[in-house]
Amino acid sequence: MESYLKAQFILSAPLPPEANNYLSDVMERANQRFFGEGGKLGKITELKVDNNNISITIDCKGKGQPHYILFRLRKFMRTEIGKKFRVGIREIKFEEYIITLPSEVPSKEIKIPFVKKIEYKSQNACIYLDPKINLDFVEKGAIERIVGLFKTKLEMQKYGAKKEHHKIVYTSEKKDISFREDPTKIMVKLGWIRRTSYRNQWIWGPEITYLANIIKKIWLDVVYKPLEFYEMLFPKYVPFDVWKKSGHLKGLYQGSGEFYFVSPPKTRDPAFWEDLCDYYVITKEIDHNLLLSKLAPPQGGLSYAQCPPFWQFVEGKTIDIKSLPFKVYDWNGPTYRYESGGAHGLERVDELHRIETLFIGTKDQVLELGQAIRDKIKYIYETVFEIEFREVIVIPWWIEQEGRHEADLAKDIGTFDYEAYIPYKGKREDNKSWEEIQNLSIIGTKYPKAFTVKISTGEELWSGCAGGSFERAITTFIAQHGVNIDDWPEMFLKYFKDFPQSLKFC
Ligand code: SER
Ligand code: ZN
């Protein structure tokens, strides 16, 4: 990598003509100090009076970063020119900043904020930064991140042509399934669910709610009571601060991370809202533009991955080792994703009801719990649900949701997905006939580090989580077993007494 920076120090007053001699001496001393003998990592190639200011050019090679040299140079010269000429350095102005690094020509144009243009020549990319970039951002590492983002985008274009990371590690016994219908259609016909006027949202009648409660009882009996998990209520409004730390803000709508943002009102003053209100009373319509003008920018969004807001409970704390492992679950309230289109059934919805299982502890505790939950999940599907499913190693959810796709994971870290066979969708050989119904992850130290959570003994804190939706569990169950209760598996029926009587329509 090579970088070239042309910049100016804006001075508080002009320098006298003899300053140029002084500046060539400074250049020599600074080069010696910053780059050493031979200047392998680069050189300040110009330092001279330019009207009332000082003009500077710096060339760097490899890891050398000209903006850091520039900041160091400012510090180096500040006192000297102050004392010598009674002149101060007011500000730094970038004029040109070009970073050259090896690159193929991408198949699709790469666009990056604060970059004016990117040229590709002789197996290199020349990134021309916008010289107006805020220096506060530069001091906080923006240029390194621009280069990183360029490399990631190039990688992603290559990755697109590769196969998705999907390795089957276990397949349950093949079952003789004769049922071939779409569960959503059947449930609609039976009056168990009905679409609302909002995209991909359903209202659940008493029968399907009863089934969801059976699933809760099964999880309590099989997983939570034996492994001693406690119930918690995780917040369902997630401030940006949480998504900054979890990494979610890095992946806004990049193939995942389809958030619902929430805007608060600018004020709750009745006078401020009166015109919108009156408009509605007269027209019976909402004036959307007027409404938008009354909203403040979002401060966060609706819960997406369910477990990230939990971390505010332990953020900045040191946990007594005696209280670990800590094992909790949350099934209070839905999570939200802005899904594509509106043509899907209950298995793909914007408002999703899920069970989130979360555990934290030492590495050994988390690995042991991960294995125990893995066994229990298989037991639920195999013995209680009696469904055909498989266990698959996939790109972990937190990596995908950050808009990344690489799977270079440390040992013991990763995500298992549990996929169920959906007969009405087609043959088993076709991956499209399998649907993810549950996942289980060992996440390692990512969340404890991001939210600064420690263990009293100084050992590393690890975490793991598992998530699955009632929507997917119920549709899969019905897709394989149908709605005739006599055909349902024995263990499941132990939890089933009778459906509640819902409304009858004429
Ligand atoms: N938090 C995990 C996910 O969003 C498990 O629910 O997939
Ligand atoms: Zn989770």
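Above this text sits the structure in question.
The notes below deal with the structure included here. (Residues numbered from 1 in each chain as written. Chains lettered and ligands numbered in written order. Predicted model: local features only at pLDDT ≥ 70, side-chain atom pairs only at ≥ 80, totals over all residues. Heavy atoms only, no water.)

Comment: phi is negative for the bulk of residues other than glycine, and the bulk of peptide bonds are trans. A cis amide bond, omega 0°, links L324 with the succeeding residue P325. Mapped onto the elements of the fold, P325 is located in the loop between β14 (318-319) and β15 (326-330). With a phi angle near 55°, Y253 is a residue other than glycine that sits in the positive phi range. When you line up the elements, Y253 lands in the loop between α7 (240-246) and β12 (261-262). For Y253, a relative accessible area of 39% gives the class partly exposed. Phi is positive for K284, which is not a glycine, with a value near 65°. Among the structural elements, K284 can be located in the loop between α8 (270-283) and α9 (288-293). Accessibility expressed as a relative area gives 53% for K284, which makes it exposed. (Helix = DSSP H or I, 4+ residues; strand = E, 2+ residues; numbered from the N terminus. Buried < 20%, exposed > 50% of the residue type's maximum accessible area, 1.4 Å probe, protein only.)

Within this structure, the stated rule accounts for 44 aromatic pairs. Taking the centre distance of 6.0 Å and the plane angle of 65° together, the rings of Y224 and W331 count as edge-to-face. Here Y224, found in helix α6 (residues 206-224), pairs with W331, found in the loop between β15 and β16 (335-336); they are 107 residues apart in sequence, far enough to count as distant. Relative accessible area serves as the criterion here: at 12%, W331 is assigned to the buried category. An aromatic cluster is defined as three or more aromatic residues linked by ring pairs; in this entry it consists of Y170, W192, Y210, Y381, F385, F389, Y418, F477, W488, F492, F496 and F499. (Phe/Tyr/Trp six-rings, centres within 6.5 Å; stacked < 30°, edge-to-face > 60°.)

Strands pair in a sheet through their backbones, by hydrogen bonds, and they do so in one of two ways: parallel or antiparallel. Reading across from one edge, β7-β19-β20-β21-β23-β18-β15-β10 is the order of the eight strands in this open sheet, with mixed pairing throughout. Either end of the sheet is taken by a strand with one partner, and the two such strands are β7 (166-171) and β10 (230-231). Sheet topology places strand β18 (residues 354-361) next to strand β23 (residues 462-469); eight bridges connect them, and they run antiparallel. Paired with I355 across the strands is G468, a residue of β23. Against the sheet, α6 makes contact with β15, β18 and β21 (434-444), and its axis sits at roughly 20° relative to β18, the strand it touches most. Contacts from helix α10 (residues 363-384) reach β7, β15, β18, β19 (389-394), β20 (414-421), β21 and β23, with the element oriented near 165° to β21. (Pairing = 2+ DSSP bridges. Contact = heavy atoms within 4.5 Å. Axes fitted to C-alpha atoms, helices over the stretch in contact; angles between N-to-C directions.)

So, on to the side chain of E471. Mapped onto the elements, E471 comes out in helix α13 (residues 470-481). There is no salt bridge for the buried E471, and the closest opposite charge comes from R472, which lies 7.8 Å off by N-O distance. Among the polar contacts listed, one links the side chain of E471 to the side chain of H353, at a separation of 2.8 Å. If near-sequence neighbours (up to four positions away) are discounted, E471 is found in contact with W204, L346, V349, E351, L352 and H353. (Lys, Arg positive; Asp, Glu negative; His and termini not counted. Salt bridge = Lys/Arg side-chain N within 4 Å of Asp/Glu carboxyl O. Polar contact = N/O pair within 3.5 Å; in protein donor to acceptor, adjacent residues only side chain to side chain.)

One finds L211, I218, W219, Y381, F385 and I474 to be the most contacted residues of the largest nonpolar core, which totals 53 residues. Secondary structure elements with two or more residues in this core: β9 (202-204), α6, β18, α10, β20, β21, β23 and α13. Considering each element in turn, this core owes the most residues, 11 residues, to α6. Aside from chain neighbours lying at most four places away, what touches Y381 is E386, I387, F389, Y418, I437 and Q438. Listed in part, the 50 residues of the second largest apolar core include M27, I92, I112 and I127. (Core = buried A, V, L, I, M, F, W, Y, C linked by side-chain atoms within 4.5 Å.)

On to α10. The end-to-end C-alpha separation of α10 is 30 Å, in line with the 32 Å expected for 22 residues at 1.5 Å each. E386 occupies a position one or two residues after α10 and carries a positive phi of about 50°. (Expected span 1.5 Å × (residues − 1).)

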